[in-house]
Amino acid sequence: MRVIPSQDERDLAAMCRKLLAAEMEPDAQWKALTEAGVLGLPIDGSLTDVGVFCLEAGRALCPRVVQSTVYAALAIHWLGVGSDWLHRLTSGEARGTYALFDSRDSSVGLKLSGVADFVPDADVADVIIASTGSGVVAVDTSAAGVSIEPVPMMGGYSAFTVRFDDVLVDAVDADEEQLRRVANAIVALDCLDLVGVGEAVVQRTVDYTTMREQFGRPIASFQAAQHMVADMHIALAAARLAAQSAVFWIGRGHTATRETAVARMRAAEVKTITLDAHQLHGGMGYVVDTDLHKFSERARVLSTLGGGADIAAKWLEGEMNWGGER
């Protein structure tokens, strides 16, 4: 596995960072990212390229609908379902989302019935790529029989319960390994989003502790603060390497459940990083005097949605017991 990014990857990261840092209205940002080719990365780039964007998206708290659309395009490209939607998603004409983790009471013949929980950005999505007990389907959210209900989440995270009642769908068969590879890819990419969150938080903390003085000295000069920041750096480095490893192997055709599980467990520590950052900021972020709370809310949601560190440990246990394929 290559650890040092290539020049192309560094250029892509710089471009994404510049676009995401610009002050734009959501529609203008969506258009800028589309014109830059970000929505087409699942088709025109590698999974590593998608990961480069996801890390920068986390650093900038990019609206998650962008990633939901990218993930939907990735699922369509890899699983071969709903191919008519692919151009519309990658061109920015349509938005998409996915329900590949939790689909209960699902049945599909020519029509789909069932429920999907915690579907991100379903209210603005034009298509949902969902797994069922018998395959994968592409669901037009404007179709008859689709109902969408909001699920209250912290930080205003956009999640919904989607109910399907005899909805006409485009369906394909997909074996368990195919579905697991796509699901693992989304988990690994979200781990890189968490790494981006952690990088932004650590940088803000370093800047603040260098500037803020206590007893006539910068906070950063105190050994206790130095140790906390060092621990944050170490945890973040481990999360970054684990997520990059998972993306690397998945991008080369492996299911990589073991690597994905490790990445998930390491990325969950970003939540602790944000809590330490609040402490070093004197608790200001808890009362929204800064926007630090936005990073901690995103870290808390992404570190648990779709399975937290405890669930990832069970994935790893299963791989160790059964000798699962990388």
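Rules used in this analysis
- Residues numbered from 1 in each chain as written.
- Predicted model: local features only at pLDDT ≥ 70, side-chain atom pairs only at ≥ 80, totals over all residues.
- Heavy atoms only, no water.
- Helix = DSSP H or I, 4+ residues; strand = E, 2+ residues; numbered from the N terminus.
- Expected span 1.5 Å × (residues − 1).
- Buried < 20%, exposed > 50% of the residue type's maximum accessible area, 1.4 Å probe, protein only.
- Phe/Tyr/Trp six-rings, centres within 6.5 Å; stacked < 30°, edge-to-face > 60°.
- Lys NZ or Arg CZ within 6 Å of the ring centre and 35° of its normal.
- Salt bridge = Lys/Arg side-chain N within 4 Å of Asp/Glu carboxyl O.
- Pairing = 2+ DSSP bridges.
- Axes fitted to C-alpha atoms, helices over the stretch in contact; angles between N-to-C directions.
- Left-handed = near helix turned anticlockwise from the far one by under 90°.
- Contact = heavy atoms within 4.5 Å.
- Nonpolar A, V, L, I, M, F, W, Y, C, P; charged D, E, K, R; others polar.
- Core = buried A, V, L, I, M, F, W, Y, C linked by side-chain atoms within 4.5 Å.
- Domains from an automatic or database assignment.
- Buried area = accessible area lost by both parts, 1.4 Å probe.
- Polar contact = N/O pair within 3.5 Å; in protein donor to acceptor, adjacent residues only side chain to side chain.

Caption draft 1: Molecular detail of helix H7 (residues 176-211). Taking 1.5 Å as the rise per residue, H7 with 36 residues should run 52 Å; its terminal C-alpha atoms sit 52 Å apart, in good agreement. For H7, the tally of buried residues reaches 26 of 36 residues, placing the bulk of the element in the interior.

Caption draft 2: The arrangement of unusual backbone geometry in detail. Positive phi, normally seen in glycine, also occurs at Leu 61, with a value near 55°. With respect to the element layout, Leu 61 can be found in the loop between helix H4 (47-60) and helix H5 (64-79). You can call Leu 61 partly exposed: its relative accessible area is 23%. Not every positive phi belongs to a glycine, and Ala 256 is a case in point at roughly 55°. Considering the arrangement of structural elements, one finds Ala 256 in the loop between helix H8 (223-251) and helix H9 (257-267). Take Ala 256: its relative accessible area is 0%, and that puts it in the buried class.

Caption draft 3: Region of interest: the packing of aromatic side chains. A complete count under the given rule lists two aromatic pairs for this structure. Ring plane angle 90° and centroid distance 5.2 Å describe the contact between Phe 248 and Trp 249, whose orientation is recorded as edge-to-face. The ring of Trp 30 has Arg 95 lying over it, and the distance from NZ or CZ to the ring centre is 4.0 Å.

Caption draft 4: How the structure looks around the pattern of salt bridges. A complete count under the given rule lists 11 salt bridges for this structure. Ionic pairing is found between Asp 291 and Arg 204, a salt bridge with its closest N-O pair at 2.6 Å. A residue pair is termed long-range when its members are at least 10 positions apart, and Asp 291 in the loop between helix H10 (270-280) and helix H11 (292-302) and Arg 204 in helix H7 qualify at 87 residues. Residue Asp 291 is classed as partly exposed on the basis of its relative accessible area of 28%. With relative accessibility at 35%, the residue Arg 204 sits in the partly exposed group. The partner of Arg 266 in a salt bridge is Glu 269, with the nearest N and O atoms 3.5 Å apart. Relative accessible area serves as the criterion here: at 37%, Arg 266 is assigned to the partly exposed category. Its relative accessible area of 30% is what places Glu 269 among the partly exposed residues.

Caption draft 5: Representation of the sheet that holds strand E5 (residues 135-140) within the structure. Ordered in space as E1-E4-E5-E8, the four strands form an open sheet in which the pairing is mixed. Strand pairing shows two members of the sheet lacking a second neighbour, strand E1 (96-99) and strand E8 (170-172), which therefore form its edges. On average, adjacent strands in this sheet sit at an angle of 15° to one another, irrespective of strand direction. Inspection of the sheet shows strand E4 (residues 127-132) paired to E5 by six bridges, in the antiparallel sense.

Caption draft 6: Just the packing of helix H1 (residues 7-21) against H4, in detail. The N-to-C vectors of H1 and H4 enclose an angle of 35°; their axes lie 9 Å apart at closest approach. For H1 against H4, the interelement crossing comes out right-handed. Residue-level inspection shows Glu 9, Leu 12, Ala 13, Cys 16, Arg 17 and Leu 20 of H1 in contact with H4, the latter providing Thr 48, Asp 49, Val 52, Phe 53, Glu 56, Ala 57, Arg 59 and Ala 60. In the contact of H1 with H4, the residues fall into eight nonpolar, one polar and five charged.

Caption draft 7: View of the nonpolar core. Ranked by internal contacts, the top residues of the largest apolar core, which has 88 residues, are Phe 53 and Ile 129. If you tally residues by element for this core, the top one is H7, at 16 residues. Looking at this core, you find at least three residues from each of domain 1 (7-174) and domain 2 (177-316). Contact partners of Ile 129, with chain neighbours within four places excluded, come to Ala 72, Ala 75, Ile 76, Val 81, Thr 97, Tyr 98, Ala 99, Leu 100, Val 136, Val 137 and Ala 138. By size, the runner-up hydrophobic cluster in this structure holds 15 residues, among which are Ala 116, Ile 128, Val 137 and Val 167.

Caption draft 8: Inspection of the domain arrangement of the protein chain at higher detail. Here the domain parsing of the protein chain yields domain 1 (7-174) and domain 2 (177-316). Computed over C-alpha atoms only, the centres of domain 1 and domain 2 are separated by 23 Å. Contact with domain 1, which involves 30 residues of that partner, is made by 28 residues of domain 2. For the pair domain 1 and domain 2, the summed buried surface comes to about 2700 Å²; carbon and sulfur atoms form 76% of the total. Arg 64 is the salt-bridge partner of Asp 193, the closest N and O atoms lying 3.2 Å from each other. On inspection of domain 1 and its partner domain 2, the count reaches seven residue pairs in polar contact (both at pLDDT 80 or more). When contributions to the side of domain 1 that touches domain 2 are tallied by element, the ones reaching two or more residues are H4 and H5. The element contributing the most residues to the side of domain 1 that touches domain 2 is H4, with nine residues. A class-by-class count of the residues in the side of domain 1 that touches domain 2 yields 21 nonpolar, six polar and three charged.

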